[in-house]
Amino acid sequence: MQSFENISEKVRNNQRISSDEALALYASNDLLAIGELAALANERKNGSQVFFNVNRHINPTNICVNRCAFCAFSRTTGEEGAYTLALDEICRRAVEAEGEGATEVHMVGGLHPELPFEFYEEVLRAIRRVAPLLHIKAFTAVEIEYFSRISGLSIEQVLQRLIAAGLGSMPGGGAEILVEEVRTKICPEKISGARWLEIIRLAHLAGLKTNATMLYGHVEGFADRVLHMQMLRDLQDETGGFQAFIPLAFQPENSDLKLDIKATSGLDDLKTLAIARIFLDNFDHVKAYWVMLGEKIAQVALAFGVNDLDGTVVEEKIGHDAGAASPQALTKEGIITLIRKAGKIPVERDTLYRPLRVF
Ligand code: V47
Ligand code: SF4
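Residues numbered from 1 in each chain as written. Chains lettered and ligands numbered in written order. Predicted model: local features only at pLDDT ≥ 70, side-chain atom pairs only at ≥ 80, totals over all residues. Heavy atoms only, no water.

### Regarding the sheet that holds strand 4 (residues 135-138)
- Strand order in the open sheet formed by three strands is 2-3-4, with parallel pairing between adjacent strands. Two strands lie at the open edges of the sheet, namely strand 2 (55-58) and strand 4, each paired on one side alone. Strand-to-strand, the axes of this sheet are offset by a mean angle of 20 degrees, without reference to chain direction.
- Bridge count for strand 3 (residues 104-107) against strand 4 is four bridges, and the pairing is parallel. Opposite Glu-104, over in strand 4, you have His-135 as the bridge partner.
- In the packing of helix 5 (residues 117-130) onto the sheet, the strands contacted are strand 3 and strand 4, and the crossing angle to strand 3 comes to about 165 degrees. (Pairing = 2+ DSSP bridges. Helix = DSSP H or I, 4+ residues; strand = E, 2+ residues; numbered from the N terminus. Axes fitted to C-alpha atoms, helices over the stretch in contact; angles between N-to-C directions. Contact = heavy atoms within 4.5 Å.)

Printed below as a string of structure tokens:
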């Protein structure tokens, strides 16, 4: 029996809810009641504090051999708009970021057909050299697996070499929806969901913290979303290596999935964040990524169980190539105001969620 009262009772008693119960929440139209439960679950973990960081995104290349159907960012070699940043340019952006008070560089890119694994080691070393204060959060599980294939090294060896070169943690991309039937439709060339989980497990065992994302609002159903979160919750029980869960609202422009898929509704965005907060009881943080959600939904999400707004970002390509209507960057002051006006306490954090300053 998945009555709302039973689920509510469980959450109030700090008990874990089942997949069927999460699905029942998706079936409910009582957004405010779900939000209230999520807010309670978050309040217990994080009080009234909301985290953000000062960071900068760098995407070294958009050339990618995978060409996932939902991705408007990637290009084939020689195609109009294809680019690869020179090492000097990557360094210039890192130095600029550090000079502007960033504590993190977030770096992900396409699976380039020619660049050798050593290029990525050199990028890490170079950033380390020119901007030693920046934490480098880089490379999704999909990229790590690709590096292993192009270098002939094991996943463990790739991770060790990247850590030695300066890798500090990993973002949560590439997870999409971990269910195979969905992956076949949206990213047939990408590693399987099981392989994504395996690489993240190895990263956690190597001592790296990672995030986990979920790309929603395309061809998947609610049951797929819940199964995705169930797989993440199981792995988190095992390793404890996940920091934040980040639902990514699908941006439908310029991608091969466009067809008649519409952008997600605000109701779906808020429900998804709230259900994630309730279901993923072993994740400390649920992040509203303002780039995909827009500032307004991200702000309202702070009353629906969310305790992290990501960062300043500065130059965003993946969502904006796909039509995201949000700005390219938010200022630190802008994020602080957004959090304050939601009645919460802004806390600047570093990548590993150590508080740097309470505002
Ligand atoms: O894996 C690609 C997604 C991800 C689209 O860990 C799209 O802190 C929406 O993972 N519409 C990369 N999403 C971005 C990412 C991320 C972003 C911010 C913070 C963190 C973190 C991680 O972007 C990809 C894919 O799932 N994506 N195309 C699109 N059209
Ligand atoms: Fe390549 Fe990542 Fe885009 Fe897929 S989502 S095409 S792997 S850049």
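Let us keep going from here.
### Considerations on the site of ligand 2
- Around ligand 2 sit Cys-64, Asn-66, Arg-67, Cys-68, Phe-70, Cys-71, Ser-74, Gly-110 and Lys-190, and those are all the residues in its vicinity.
- Class assignment of the residues belonging to the shell around ligand 2 gives a composition of four nonpolar, three polar and two charged. (Near = heavy atom within 4 Å. Nonpolar A, V, L, I, M, F, W, Y, C, P; charged D, E, K, R; others polar.)

### Describing the side chain of Glu-143
- Its place among the elements puts Glu-143 in helix 6 (residues 141-151).
- Summary of buried charges: Glu-143 has no salt-bridge partner, and the nearest side chain of opposite charge, Lys-190, is 9.2 Å away.
- Setting aside its immediate chain neighbours within four residues, Glu-143 contacts Val-108, Gly-109 and Leu-111. (Buried < 20%, exposed > 50% of the residue type's maximum accessible area, 1.4 Å probe, protein only. Lys, Arg positive; Asp, Glu negative; His and termini not counted. Salt bridge = Lys/Arg side-chain N within 4 Å of Asp/Glu carboxyl O.)

### Looking at the site of ligand 1
- Near ligand 1 you find 22 residues, and of these Lys-137, Gly-172, Gly-174, Glu-176 and Lys-287 are the closest.
- Asn-211 has a polar side-chain atom sitting 3.0 Å from an oxygen atom of ligand 1.
- About the coverage of ligand 1: the protein hides 96% of its 620 Å² of free accessible area.
- Contributing elements (two or more residues each) for the shell around ligand 1: strand 5 (210-216) and strand 6 (242-249).
- Its residues assigned to classes, the shell around ligand 1 comprises 11 nonpolar, seven polar and four charged. (Polar contact = N/O pair within 3.5 Å; in protein donor to acceptor, adjacent residues only side chain to side chain. Areas by Shrake-Rupley, 256 points an atom, 1.4 Å probe, with all protein chains shown as cover.)

### Digging into the layout of surface pockets
- There is about 220 Å³ of room inside the largest pocket.
- Around the largest pocket sit 22 residues that line it, and Phe-250, Gln-251, Pro-252, Ala-263 and Met-292 are the ones nearest its centre.
- Breaking the lining of the largest pocket down by element, the ones donating at least two residues are helix 11 (266-279) and helix 12 (290-293).
- Looking at the lining of the largest pocket, the element that brings in the most residues is helix 12, giving three residues. (1 Å grid on protein atoms, 1.4 Å probe; cavity = no way out; pocket = protein on both sides within 12 Å on 5 of 7 lines; lining within 4 Å. Points joined across faces, edges and corners; volume = space filled by probe spheres on them.)

### Concerning helix 5
- With 14 residues, helix 5 extends 21 Å between its outermost C-alpha atoms, agreeing within 8% with the 20 Å of an ideal straight helix rising 1.5 Å per residue.
- Summarising the contacts, the buried residues of helix 5 are in contact with helix 4 (87-99), strand 3, strand 4, helix 6 and helix 7 (155-165). (Expected span 1.5 Å × (residues − 1).)

### Looking at empty space enclosed by the protein
- Inspection of the entire model under this criterion finds four cavities of 30 Å³ or more.
- Taken as a whole, the largest cavity holds about 760 Å³ of empty space.

### A few points about the sheet that holds strand 6
- Ordered by their spatial adjacency, three strands build an open sheet running 5-6-7, and the pairing between neighbours is parallel. Here the strands that pair on one side only, and so sit at the sheet edges, are strand 5 and strand 7 (285-286).
- Here strand 5 pairs with strand 6 via six bridges, running parallel. Residue pairing in the sheet places Thr-213 in a bridge with Ile-246 of strand 6.

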